Amino acid sequence: MENRNIKRIQELSKILLEVGSLLMASGANSSRIRITIMRIASAYGFSAELLITHRALMLTVFDEESDYFHSSLKRTSPHGANFKMVSGISRMSWRIVEEGWDYGKVWAEIDRLKSLPHYPRLIILATVALAGASFCRLFGGGPVEMLITYIATFCGLFIRQEAVKKGFNAYLCIFFAAFTSCLIAGSAVKFQLSVNPEHAFATSVLYLIPGIPLINSLSDLLEGNIMNGLVRGMNGLMIAFSIALGMLCTILIYNI
Amino acid sequence: MEWFSFLEKWIWLGFAAVGFAVLFNVPVRTLWVIFVLGALGGSLKFVTMKLGGGIILGSFFGAMLVGFLSIYAAHFRHAPPFVFAIPAVIPMVPGAFAYRMMLGIIHLTGDVDHALYGQLLDETLNNGLKALFVLMALSLGVSAPMLLTRRESAKQIKVPLKIDGLIRK
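Residues numbered from 1 in each chain as written. Chains lettered and ligands numbered in written order. Predicted model: local features only at pLDDT ≥ 70, side-chain atom pairs only at ≥ 80, totals over all residues. Heavy atoms only, no water.

Counting its regular elements, chain B contains 7 helices and 0 strands. Helices (α) and strands (β) of chain B occur, in sequence order from the N terminus, as α-α-α-α-α-α-α. Classification of the 169 residues of chain B by burial places 50% in the buried group. Long-range contacts, defined here as pairs at least 24 residues apart, represent 69% of the contacts in chain B between residues at least 6 apart. When the accessible surface of chain B is summed, it comes to about 8,600 Å², and 70% of that surface belongs to carbon and sulfur atoms. (Helix = DSSP H or I, 4+ residues; strand = E, 2+ residues; numbered from the N terminus. Buried < 20%, exposed > 50% of the residue type's maximum accessible area, 1.4 Å probe, protein only. Contact = heavy atoms within 4.5 Å. Areas by Shrake-Rupley, 256 points an atom, 1.4 Å probe, with all protein chains shown as cover.)

Encoded structure:
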């Protein structure tokens, strides 16, 4: 009996770590990761304890009957927001509780969630560029500025995706994107292409703002996960620094 | 004219939220909800600012509206509330303040004469503090429903029956 139970615990901790690291990589905050993992563990009748850090998760699963501990550690993959994953895992955790899924079903669902496609690249580029143009409008820009922001955002995001594909450092990718966007929007300021080109220049990098790291940072701090909050906040500041560096380079080039 | 400009802002706010939602790869079924939430939250922020509330209070009210509505949305679109709330509040994230602060810090390292230095320091500090406090307001606003109901999951929050019935129809 003991052997089978041990196998079960080991298999469960593998699932829990996979779920946790997927959530961490997809941009969930610490308390959501903890709650989801606890929910799944208690659905299978075990208690779990979790140490969450930015780049690794440590988990102990405990079976009270046989007094058996199993600890394991897993590195989290590089971060990239993917809310389809978060939403899918949250639904899965509730169905595990309510329908009593076995491990095979859980692994199948995790594989299915992993294989879910992202939006087509052109649609991402077009909508994010539209969001940039919207920002420009909200800051008080006119049609010409909106068009400039649209093009700047489109090209900047394209460069960022290419740089990510080539495997550059994450902050360097953002620097490249900010530099490209500002280079395009800055030309409007340099050559006075419209009435208020500054609006286009200021809003052309807004698609890069570290929204998820910063909001997650503050919500982690609010819930008492001070360490995670600080790490996430620092990550957000690094991203803001990369954006500023990209802007600064174009300001120096154009001398504006 | 006033109303027309308000309506126009509404649309742009919605598009800004949807742009980020697509970047974050949200499920397709949640997209239009995010459009509405982003537009409503942003509008409330602008109204508050127009009434003299300042950007921090405005962001707080806007985020709180988004937070409460996201609980309703979670119940009838079946996704965790933060999938709706985060893309909807991202347009309110003080990105411009954050990178202006960074630009200011970079400028401060250069050789600036004394009078200019003071002014630059003023602006940098002001931008940085605004960014910090707007962010605090946003995350407090978004998590307000959870904090007030003292629940761990939105599933345990009972949505008033009337609205539940409306959604079921």
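Having seen the model, we can carry on.
Checked against the element boundaries, Ser-139 of chain B lands in helix H6 (residues 114–149). Owing to a relative accessible area of 3%, Ser-139 of chain B belongs among the buried residues under this scheme. In contact with Ser-139 of chain B, not counting residues within four places along its chain, are Ile-215, Leu-218, Ser-219 and Leu-222 of chain A.

A complete count under the given rule lists 14 aromatic pairs over all chains for this structure. For the ring pair Phe-83 of chain A and Phe-82 of chain B, a centre distance of 5.1 Å and an interplane angle of 35° mean the geometry is tilted. Of this pair, Phe-83 of chain A sits in helix H3 (residues 83–99) while Phe-82 of chain B sits in helix H4 (residues 81–89), on two different chains. The two residues Phe-83 of chain A and Phe-82 of chain B agree in class, both being buried. Both rings, one in Phe-175 of chain A and one in Phe-179 of chain A, keep their centres 6.1 Å apart while their planes meet at 20°; by these two values the pair is stacked. (Phe/Tyr/Trp six-rings, centres within 6.5 Å; stacked < 30°, edge-to-face > 60°.)

What follows covers the environment of His-79 of chain A. One can find His-79 of chain A in the loop between strand E3 (68–75) and H3. Discounting chain neighbours no more than four positions away, the residues touching His-79 of chain A are Met-24, Ala-25 and His-54 of chain A.

Residues and elements named next belong to chain A. Residues Leu-16, Tyr-44 and Phe-83 are the most contacted members of the largest nonpolar core, which totals 106 residues. If one sorts the elements of this core by residue count, helix H1 (residues 2–26) sits on top with 9 residues. When residues of this core are assigned to domains, at least three map to each of domain 1 (2–115) and domain 2 (121–254). Excluding residues that lie within four positions of it along the chain, Tyr-44 makes contacts with Arg-8, Leu-12, Ile-96, Trp-101, Asp-102, Tyr-103 and Val-106. (Core = buried A, V, L, I, M, F, W, Y, C linked by side-chain atoms within 4.5 Å. Domains from an automatic or database assignment.)

All names here are of chain B. Between helix H5 (residues 95–108) and H6, the least distance of the axes is 8 Å, while the angle of their chain directions is 150°. Judged by the angle between their axes, H5 and H6 are roughly antiparallel. Handedness of the H5/H6 crossing: left-handed. Counted together, Phe-97, Ala-98, Arg-100, Met-101, Gly-104, Ile-105, His-107 and Leu-108 of H5 and Tyr-117, Leu-120, Leu-121, Thr-124, Asn-127, Gly-128, Lys-130 and Ala-131 of H6 form the full contact between these two elements. Taken together, the residues that form the contact of H5 with H6 break down as 9 nonpolar, 5 polar and 2 charged. (Axes fitted to C-alpha atoms, helices over the stretch in contact; angles between N-to-C directions. Parallel < 35°, antiparallel > 145°, perpendicular 65-115°, else oblique. Left-handed = near helix turned anticlockwise from the far one by under 90°. Nonpolar A, V, L, I, M, F, W, Y, C, P; charged D, E, K, R; others polar.)

All names here are of chain A. Ordered in space as E1-E2-E3, the 3 strands form an open sheet in which the pairing is antiparallel. If you trace the sheet from one side to the other, it starts and ends with strand E1 (47–52) and E3, each paired once. Averaged over all neighbouring strand pairs, the angle between strand axes comes to 15°, with direction disregarded. Where helix H2 (residues 30–43) meets the sheet, its contacts fall on E1 and strand E2 (56–63), and the angle it forms with E1 comes to roughly 160°. (Pairing = 2+ DSSP bridges.)

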